[in-house]
Structure formats: structure tokens, C-alpha cells
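# Chain and residue survey
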Amino acid sequence: MIIAVDGPTASGKGTIAKRLAAHLDVPCLDTGLLYRAVGRQVAINDGDPDSSDDAVAACDFPDALLEDDILRTEEVGGLASRVSVHPEVRKALFKRQRAFAEQPGGAVLDGRDIGTVIAPDADVKLFITASVQSRAKRRWLEMIEKKLEHEEEIPLFEIEKDVVARDARDINRKDAPLKAAPDALVIDTTAFDREQAFETVLEAVKQALEGR
Ligand code: DC
């Protein structure tokens, strides 16, 4: 059983995917983290995230990097969005994601192109979205709550600008752009708190699995 959870930045898809995986007792892969690791590795290499060659060279990042909290910062999120436009980078990360999806017992994967490219065969496809304002507010609150060691506090309006820029880059890239698969269940969480969002998703997943 493969469950694809896609959606724009800060839509809450990551939290939803993790809870869903725990509920179903299957492993979960945050695929954004892979792109974040590539973005961070480019910076470590003193490379240019907009250069396809530099970004591909960074796909060889050590696995230990995936544990580094710095990957969660806004800055690395921006780098991830930039390296993710290169088709060669997407190709280099494909195998790892596909292998995770195919493991016996099933898996939940969250990202941008899980339902469209990585696992078009997924049993359930969710597309989690919310308004720009509410996503920026959530990201800002999260930043304040977490107080990441590497991160300066960024004002809300800056985060909102970043969310808009990130959306534009993710939606408009040629290769595997952010979009809901035609058979995805689109869930807008703007008006929901975390609990309501999860309950709504869980109900939708149960119905989809029953209807298979
Ligand atoms: O979900 P996230 O914010 O951690 O993702 C960071 C960036 O990585 C995002 O802006 C685009 C890219 N990404 C992608 O292109 N495809 C995915 N499946 C996941 C993330």
C-alpha cells in the first residue's frame, strides 16, 4: 500500500504524513528532506544551486546530513527549491524514493510529485493545500516554537514572500511541477487546526481504502 501526500510548502503535509504513517504502522519518507540535503551540500561545496552540475555533484551527500537540524531552516528550504528544478537532480533522487515506496508492507511518502511521478500507482493520493497567508503564519509560528540554532528570526511578511516565491518555483518548473494528480483527493486545511486537518485526512483515506 502506497500513500502519496503532496502539497505546497508549509501546507501541513509533513505532519499529516507522519501521523498517517504512525496510524497505519508503515514507514514515512519526507522527500523534501532529500532535496534539502542536496541544497545544503551545494552550500557546503561552495557550489551554485542554480548550476545543474553543482547540484548533481551534491546528490552524493552523506546520509548523516539527513539528521542535521540545519536542513529545517528557511534558508536551506530555499536552496532545496532551487536545486529541485534540475531534471538531473530529480533523476538522481528518483531511485531512492521509488525503492522506499515499493517496500513490502507499504509506505507513506510526502513531497511535491509523489502522486504524479514517484508513485503514480499509489493506492491513495492526497493533495494538502491551504492559503498563502495561513501557510506563512504556520511556518512563522513553527520557527518561533522551534527556535532552530542556525536560524535568525524572520518577520512574517518575509516568510510570506518566501512562500509565494517557493510556490512559483515549485509550480512553474518544467520537470515534475507541483500539481495535484488528477485522481488526488484535494484537502484545503486553511480553516482547520492540526487536529481537524488530520481527522479530515484520516476519514478521506479510510473511505478511499474501503472503496478500492
Ligand atoms: O517539503 P519541503 O519544504 O521540505 O521541500 C523543499 C523543496 O524541495 C521544495 O521547495 C521543492 C523540493 N521538493 C521537490 O521538488 N519534490 C519533492 N518531492 C519534495 C520537495
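Overview of the structure. (Residues numbered from 1 in each chain as written. Predicted model: local features only at pLDDT ≥ 70, side-chain atom pairs only at ≥ 80, totals over all residues. Heavy atoms only, no water.)

## Observations concerning the overall build of the protein chain
- From N to C terminus, the protein chain includes nine helices and five strands.
- For 212 residues, the compact-globule estimate of 2.2 N^0.38 gives 17 Å, and the protein chain sits close to it at 16 Å.
- Residues counted as buried form 47% of the 212 residues belonging to the protein chain.
- The contacts of the protein chain with a sequence gap of at least 6 include a subset with a gap of at least 24, amounting to 77%.
- For the protein chain, the computed accessible surface area is about 10,600 Å², with 52% contributed by carbon and sulfur atoms.
- Once the 29 positive and 40 negative side-chain charges of the protein chain are each reduced to a mean point, those two points are 3 Å apart. (Helix = DSSP H or I, 4+ residues; strand = E, 2+ residues; numbered from the N terminus. Rg over C-alpha atoms; globule rule 2.2 N^0.38 Å. Buried < 20%, exposed > 50% of the residue type's maximum accessible area, 1.4 Å probe, protein only. Contact = heavy atoms within 4.5 Å. Areas by Shrake-Rupley, 256 points an atom, 1.4 Å probe, with all protein chains shown as cover. Lys, Arg positive; Asp, Glu negative; His and termini not counted. Charge placed at Lys NZ, Arg CZ, Asp CG, Glu CD.)

## Quick notes on the packing of helix H1 (residues 13–24) against helix H9 (residues 194–210)
- Where H1 contacts H9, the two axes come as close as 10 Å, and the packing angle between them is 55°. The orientation of H1 with respect to H9, classified from their angle, is oblique. Note on packing geometry: the crossing formed by H1 with H9 is right-handed. In this structure, H1 contributes Ile16, Arg19, Leu20 and His23 to the contact, and H9 contributes Arg194, Glu195, Ala197, Phe198, Val201, Leu202 and Val205.
- Class assignment of the residues belonging to the contact of H1 with H9 gives a composition of seven nonpolar, one polar and three charged. (Axes fitted to C-alpha atoms, helices over the stretch in contact; angles between N-to-C directions. Parallel < 35°, antiparallel > 145°, perpendicular 65-115°, else oblique. Left-handed = near helix turned anticlockwise from the far one by under 90°. Nonpolar A, V, L, I, M, F, W, Y, C, P; charged D, E, K, R; others polar.)

## Remarks on the pattern of salt bridges
- All told, the structure shown has 15 salt bridges when counted by the stated rule.
- One salt bridge connects Arg90 with Asp113, and the closest N-O pair in it is separated by 2.9 Å. Highlighted residues: Arg90 in helix H5 (residues 87–102) and Asp113 in the loop between strand E3 (107–111) and helix H6 (114–118), separated in sequence by 23 residues.
- By relative accessible area, which is 7% here, Arg90 ends up buried.
- Residue Arg173 pairs with Asp170 through a salt bridge whose shortest N-O separation is 3.8 Å. (Salt bridge = Lys/Arg side-chain N within 4 Å of Asp/Glu carboxyl O.)

## Regarding the sheet that holds strand E2 (residues 28–30)
- The strand order across the open sheet built from five strands is E2-E3-E1-E4-E5, with neighbouring strands paired in parallel fashion. The open sheet has two free edges, formed respectively by E2 and strand E5 (185–188), since each of these has just one partner strand. Sheet twist, expressed as the average angle between the axes of neighbouring strands with direction ignored, equals 20°.
- Of the pairings in the sheet, the one linking strand E1 (residues 2–6) to strand E4 (residues 124–129) comprises four bridges and is parallel in character. Bridging across to E4, Ala4 finds its partner in Lys125. (Pairing = 2+ DSSP bridges.)

## Let's talk about the site of the ligand
- Around the ligand, a shell composed of 16 residues is seen, among which Arg36, Arg90, Arg112, Asp113 and Arg173 lie nearest.
- A distance of 3.1 Å separates an oxygen atom of the ligand from a polar side-chain atom of Asp170.
- At a separation of 2.9 Å, an oxygen atom of the ligand approaches a polar side-chain atom of Arg173.
- If the ligand stood free it would expose 440 Å²; the protein chains cover 97% of that surface.
- Listed by contribution, the elements that provide at least two residues to the shell around the ligand are helix H2 (31–44), helix H4 (74–83) and helix H8 (156–172). (Near = heavy atom within 4 Å. Polar contact = N/O pair within 3.5 Å; in protein donor to acceptor, adjacent residues only side chain to side chain.)

## Quick notes on unusual backbone geometry
- Positive phi is not limited to glycine here, since Asp25 has a value of about 60°.
- Under the relative-accessibility criterion, Asp25 is labelled exposed at 71%.
- One non-glycine residue, Asp46, lies in positive phi territory at about 60°.
- Note that Asp46 resides in the loop between H2 and helix H3 (52–57).
- Judged by relative accessible area, Asp46 falls into the exposed class, the value being 73%.

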